[in-house]
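Structure at a glance
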Amino acid sequence: MKTKKRSSKNLRISTRITLSAVVGILVPVIILLAVLPVFQNVMASYFGFSTVTTNSYSTLNQIQWSQTVLSISDELVSDSNEAHKIKSINEFVTPLEKLGSVIYIEKNGAPLYATTSKADTIAKAEAIVPINTENNINFFGENGMVIVSHAQRKSERYTLIIANENYTVNDVSQRFAPQNITHLLFSKTGFIMLLIAGVFILAIIIISLITSKTISKPLRELSSGANEIANGNLDYVIDYDSTNEIGVTVKSFNHMTDRLKQSLKRQNSIEESRKEMIAGVAHDLRTPLTSVKGYVEGLMDGIANTPEKQALYLKTIYSSTLSMERLLDELLTVSRLELGNIELDLKPININDFLTDCAEEIGAELGELDFDFSYVNHCDDDFSVMLDTDRFQRVIRNIVSNSIKYAKKDIRGRIELAAQSYQKSVIITLSDNGIGLEGESLTKIFDNFYRADPARTKTSEGSGIGLAVSKQIVELHGGKIWATGREGKGLTILISLPRTEEHYEQ
């Protein structure tokens, strides 16, 4: 199995922003660190930082002293031998001594280099400012200059003392030299400062543009997709494959669009089914109403002028009103089921007793219609289920009525009721030899107001809500209902109900 390569497209937005900030800082820092050694060497010689050139205080002079002391300390802690160190130190301190400075350097308490003795050096320093040779000090005053510095390398500890009594600090009103130094620094370092600032700004701009592009591009695609959907184009798919937040949002958006399209299709299908149902209901109501109206007019006009005719007319009127009542009751049941307002009166019932009663009722009805009927029961004698008998009898009646309604016109109708018990359930089967159906219609015939087969879509064939009511009642019992069959070979409806261990009512 190939593993999917991790792509930068999959980075989370928070990660992108964090990386952008980090890289925006690191890139300029790395660049500056890379050129720092060259910068130091060039700047030291360019500005004259490497040696002290005057005993008069200025910004440049202070930098020179700092650079000189740093150079001496670096040499002291280097890996060079002692002779080489002393030779190098001589090169550093000779210019300082020419300016009147005295220098004393000791290693682990022993003299390493001295312009004069330690005592004389300390005495000269303390004449300028009180010192403690254990503490560092950098003093630049009107009466002189004193520096005490330390360096450490493994077990070697170095102490450096410098004192200069000839050092002076110009009066604050004499600003010519400091102004020149400031001008010198800024005029010669301005391009360096601009370069550093430019590196930072350029790096941040480039990284920001890259990060912005990786975020704004999919957002534009998402916005474009939203506009397409808003304009009614439900077939539009946003092409952006990623596992980050935007990718997840795009997938959810595409999924939402697909669900919306499917929902609209279902809504249109339901609406079409409702229109057909209304037409079927109107026809089913018109037929008995027409019959009632005609026979009532016959009674009013005196056409039924004998007790026998009057009884026949009244019987027909009563039968027609019963048909209308059943249809209206089915519509009311559908409405209550959809609203969830039906509560079952469940009781433990022996399935054999229940099915036997149903078989007697079905057999009597089918006998009057010249249908063949058979009943086969292979259930255990003590098998019981939780049933609302009135509701479940309606299920059986609806399925039988459906078989009667769609019987073939050219052959004698036949319906079989069968049952088989298992360890945890019972399967009830109602089969006919009617016109049948197959394909996806077998799963849709239980949808509300659905009549799948073209042969079943005539409004004269009824409203098509009986099986939908049956399905919902079966599911309220905790059971399942499904259909099998072939077009022209009949239809079989199967119902599965769970077994109950409760004692059934006699």
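Throughout this description, residue numbers start from 1 for each chain and increase along the sequence as written. Selection of residues for local features in this predicted model requires a pLDDT of at least 70, selection of side-chain atom pairs for listing and counting requires 80 or more, and totals for whole chains, interfaces and linings are taken over all residues. Water and hydrogen atoms were dropped before computing side-chain values, which therefore reflect all heavy atoms in the structure.

Things to note about the overall build of the protein chain
- Put simply, DSSP marks the helices as runs of H or I at least four residues long and the strands as runs of E at least two long, and each gets a number from the N terminus on. Along its length, the protein chain carries 11 helices and 12 strands.
- Three labels apply to residues, based on accessible area from a 1.4 Å probe with only protein chains included: buried if under 20% of the type maximum, exposed if over 50%, partly exposed otherwise in between. Here the protein chain holds 506 residues, and 37% of them are scored as buried.
- For the protein chain, long-range pairs separated by at least 24 residues make up 65% of all intrachain contacts whose partners lie at least 6 apart in sequence.
- Here the protein chain displays about 29,400 Å² of accessible surface, and carbon together with sulfur accounts for 56% of that area. The contact criterion used is simple: two residues touch if any of their non-hydrogen atoms lie within 4.5 Å. Each accessible area is a Shrake-Rupley estimate made with a 1.4 Å probe; only the visible protein chains count as cover when residues are assessed.

Remarks on the packing of helix H9 (residues 389-405) against helix H11 (residues 466-476)
- Across the interface, H9 lies against H11 with an axial gap of 9 Å and an inter-helix angle of 150°. The crossing of H9 and H11 is left-handed. Contact residues: H9 offers Arg391, Phe392, Arg394, Val395, Asn398, Ile399 and Asn402, while H11 offers Gly466, Leu467, Val469, Ser470, Ile473 and Val474.
- The residue makeup of the contact of H9 with H11, split by class, is 7 nonpolar, 4 polar and 2 charged. Note on geometry: axes are lines fitted to C-alpha atoms, helical ones only across the stretch in contact, with angles between N-to-C directions running from 0 to 180 degrees. Crossing handedness follows the turn of the near helix against the far one: under a right angle anticlockwise gives a left-handed crossing, and clockwise gives a right-handed one. Polar here means any residue outside two lists: the nonpolar Ala, Val, Leu, Ile, Met, Phe, Trp, Tyr, Cys and Pro, and the charged Asp, Glu, Lys and Arg; Gly therefore counts as polar.

Here's the deal with the sheet that holds strand E9 (residues 414-421)
- Strands sit in the order E7-E9-E10-E12-E11 across an open sheet of 5 strands; the sheet is mixed. The open sheet has two edge strands, strand E7 (372-378) and strand E11 (480-485), and neither has a second partner. On average, adjacent strands in this sheet sit at an angle of 15° to one another, irrespective of strand direction.
- Where E11 and strand E12 (residues 491-498) come together, 6 bridges link them in antiparallel fashion. The residue bridging Thr484 from the neighbouring strand is Thr492, located in E12.
- Here H9 sits on the sheet in contact with E9, strand E10 (425-432), E11 and E12, set at roughly 170° to E12. Two strands pair if DSSP finds at least two bridges between them.

Considering the nonpolar core
- The set of buried Ala, Val, Leu, Ile, Met, Phe, Trp, Tyr and Cys residues whose side-chain atoms join them within 4.5 Å is what this entry labels a nonpolar core. Membership of the largest hydrophobic core comes to 43 residues, with the highest contact counts inside it found for Ile351, Phe392, Ile428 and Ile495.
- No other element matches helix H8 (residues 351-368), which puts 7 residues into this core.
- With residues up to four places along the chain from it excluded, the contact list for Phe392 reads Phe354, Leu387, Ile428, Val474, His477, Ile495 and Leu497.
- Formed by 20 residues, the second largest nonpolar core is a distinct cluster that contains Val69, Ile72, Ile103 and Tyr158.

Focus: the pairing of strand E2 (residues 110-114)
- As defined by bridge partners, strand E1 (residues 102-107) adjoins E2 across 4 bridges and the pair is classed as antiparallel. Note that in E2 the partner of Lys107 across the bridge is Ala110.
- The hairpin turn running from E1 into E2, its antiparallel successor, is 2 residues long, and Asn108 in that turn takes a positive phi close to 50°.

A closer look at the pairing of strand E3 (residues 137-141)
- Judged from the 5 bridges that link them, E3 and strand E4 (residues 144-153) form a sheet pairing that is antiparallel. Across the sheet, residue Ile137 finds its bridge partner in E4, namely Val148.
- Hairpin connection from E3 to E4: 2 residues lie between these consecutive antiparallel strands.

Concerning the confidence of the model for the protein chain
- pLDDT: the predictor's confidence for each residue, scored from 0 to 100. When pLDDT is averaged along the protein chain, the result is 79, and 79% of the positions lie at 70 or above.
- The low-confidence segment residues 1-5 (pLDDT under 50) makes 1 contact with residues lying over four places distant or belonging to another chain.

Some details on the sheet that holds E3
- Pairing is antiparallel across the open sheet formed by 5 strands, whose spatial order is E2-E1-E5-E4-E3. Two strands in the sheet have a free side with no partner beyond their single neighbour: E2 and E3. Strand-to-strand twist of the sheet, defined as the mean angle between neighbouring strand axes without regard to direction, takes the value 15°.
- Set on the sheet, helix H3 (residues 82-98) makes contact with E1, E2 and strand E5 (156-164); between it and E2 the angle comes to about 45°.
- Lying over the sheet, helix H4 (residues 118-128) contacts E1, E3, E4 and E5, oriented at roughly 55° with respect to E5.

So, the side chain of Asn61
- On the secondary structure map, Asn61 appears in helix H2 (residues 59-76).
- On the basis of relative accessible area, Asn61 is assigned to the buried category, the value being 1%.
- Look past the residues within four positions of Asn61 in its chain and what remains in contact with it is Val52, Thr54, Ser56, Phe140 and Tyr167.

Some remarks on the packing of aromatic side chains
- Classification of ring pairs rests on two measures: the distance between centres of Phe, Tyr or Trp rings, Trp counted by its six-membered ring, which must be within 6.5 Å, and the angle between planes, read as stacked under 30 degrees, edge-to-face over 60 and tilted in between. Under the counting rule described, the total for this entry stands at 4 aromatic pairs.
- Seen from their ring centres, Tyr57 and Phe140 are 5.9 Å apart, and the 50° between their planes marks the pair as tilted. Here Tyr57, found in the loop between helix H1 (13-47) and H2, pairs with Phe140, found in strand E3; they are 83 residues apart in sequence, far enough to count as distant.
- Taking 4.6 Å as the distance between ring centres and 85° as the angle between the ring planes, the aromatic pair formed by Tyr295 and Tyr313 counts as edge-to-face. Of the two residues, Tyr295 is situated in helix H6 (residues 245-300) and Tyr313 in helix H7 (residues 307-339); the sequence distance between them amounts to 18 residues.

Some thoughts on the packing of H2 against H3
- At a minimum axis separation of 9 Å, H2 and H3 run at an interaxial angle of 170°. With respect to each other, H2 and H3 are oriented roughly antiparallel. H3 is crossed by H2, and the crossing has left-handed handedness. Taken together, the residues of H3 that come into contact with H2 (itself represented by Trp65, Thr68, Ser71, Ile72, Glu75 and Leu76) are His84, Lys85, Ser88, Ile89, Phe92, Val93 and Leu96.
- Here the contact of H2 with H3 is composed, by residue class, of 7 nonpolar, 4 polar and 2 charged. Oblique is the label for any angle not under 35 degrees, not over 145, and not in the 65 to 115 range, which are roughly parallel, roughly antiparallel and roughly perpendicular in turn.

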